[in-house]
Amino acid sequence: RLTLSAVIEERTAIRYTPAGVPVISATLHHQSRQMEAGTVRNVEIALPATAIGGIAEEIQKLPSNRIYQFEGFIAARSLKSQDPLFHITGFSLIE
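In short, a report on the structure. Note that the structure is a prediction, hence the values are computed from the model and not measured. (Residues numbered from 1 in each chain as written. Predicted model: local features only at pLDDT ≥ 70, side-chain atom pairs only at ≥ 80, totals over all residues. Heavy atoms only, no water.)

What to know about the pairing of strand β3 (residues 22–36)
Across 4 bridges, strand β1 (residues 2–11) lies against β3 in antiparallel orientation. Counterpart to R11 in the pairing with β3 is A26. As consecutive antiparallel partners, strand β2 (residues 15–16) and β3 are separated by 5 residues, and within that stretch G20 has a phi angle of approximately 90°, a positive value. Pairing of β3 with strand β4 (residues 39–52), which is carried by 14 bridges, proceeds in the antiparallel orientation. Each bridged residue has a counterpart across the sheet, and for H29 the counterpart in β4 is A46. Hairpin connection of β3 to β4: 2 residues between the antiparallel strands, including A37 at a positive phi of 55°. (Pairing = 2+ DSSP bridges. Helix = DSSP H or I, 4+ residues; strand = E, 2+ residues; numbered from the N terminus.)

A look at the environment of T39
Turning to its location among the elements, T39 is positioned in strand β4. Spatially, the C-alpha atom of T39 lies 21 Å from that of L4, the residues being 35 residues apart in sequence.

Observations regarding unusual backbone geometry
Positioned with a positive phi, A37 is a non-glycine residue whose angle comes to about 55°. Note on placement: A37 falls in the loop between β3 and β4.

Details of the nonpolar core
Membership of the largest hydrophobic core comes to 17 residues, with the highest contact counts inside it found for I8, L28, A51, I59, F70, F86 and I88. Among the elements of the structure, β1, β3, β4, α1 (54–61), β5 (68–76) and β6 (84–93) are those that each provide at least two residues to this core. The residues touching F86, leaving out its near neighbours within four places in the chain, are L2, L28, L47, P48, A49, T50, F70, E71, G72, F73 and I74. (Core = buried A, V, L, I, M, F, W, Y, C linked by side-chain atoms within 4.5 Å. Buried < 20%, exposed > 50% of the residue type's maximum accessible area, 1.4 Å probe, protein only. Contact = heavy atoms within 4.5 Å.)

Details of the side chain of S81
If you trace the backbone, S81 turns up in the loop between β5 and β6. S81 sits in the buried class, given a relative accessible area of 18%. Looking at S81, its side chain comes within polar contact range of the main-chain nitrogen of D83, at 3.3 Å. (Polar contact = N/O pair within 3.5 Å; in protein donor to acceptor, adjacent residues only side chain to side chain.)

Comments concerning the packing of aromatic side chains
Per the stated rule, a full pass over the model turns up 3 aromatic pairs. With centroids separated by 5.8 Å and ring planes inclined at 55°, the aromatic side chains of Y68 and F70 adopt a geometry described as tilted. Exposure remark for Y68: the relative accessible area of 3% places this residue in the buried category. Ring geometry for F70 against F91: centres 6.4 Å apart, planes inclined by 40°, an arrangement best described as tilted. (Phe/Tyr/Trp six-rings, centres within 6.5 Å; stacked < 30°, edge-to-face > 60°.)

Looking at the environment of A13
Within the secondary structure, A13 is located in the loop between β1 and β2. Accessibility expressed as a relative area gives 64% for A13, which makes it exposed. Expressed as a C-alpha distance, the spacing of A13 and Y68, which sit 55 residues apart in the sequence, is 20 Å.

Set out below in structure tokens:
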């Protein structure tokens, strides 16, 4: 389980699987200051993400200029690509 505070940097139009399940792809942008080994570290990352089902329809409607707390998990993008992909299973508005 992974929790990430981020803004939606970009997202695709919603698409549907052959079974009619909605899917959306997005890029989440996280920026924060974290303590590591007694030193403050500036952290910034753009993370590819996907959402499937009803949550995809909800994410499609979200304003992109707000900070959200996303919940989900990271898995390989596909069987052929080991690049990480964040699967969003929930979210809430932070700001």
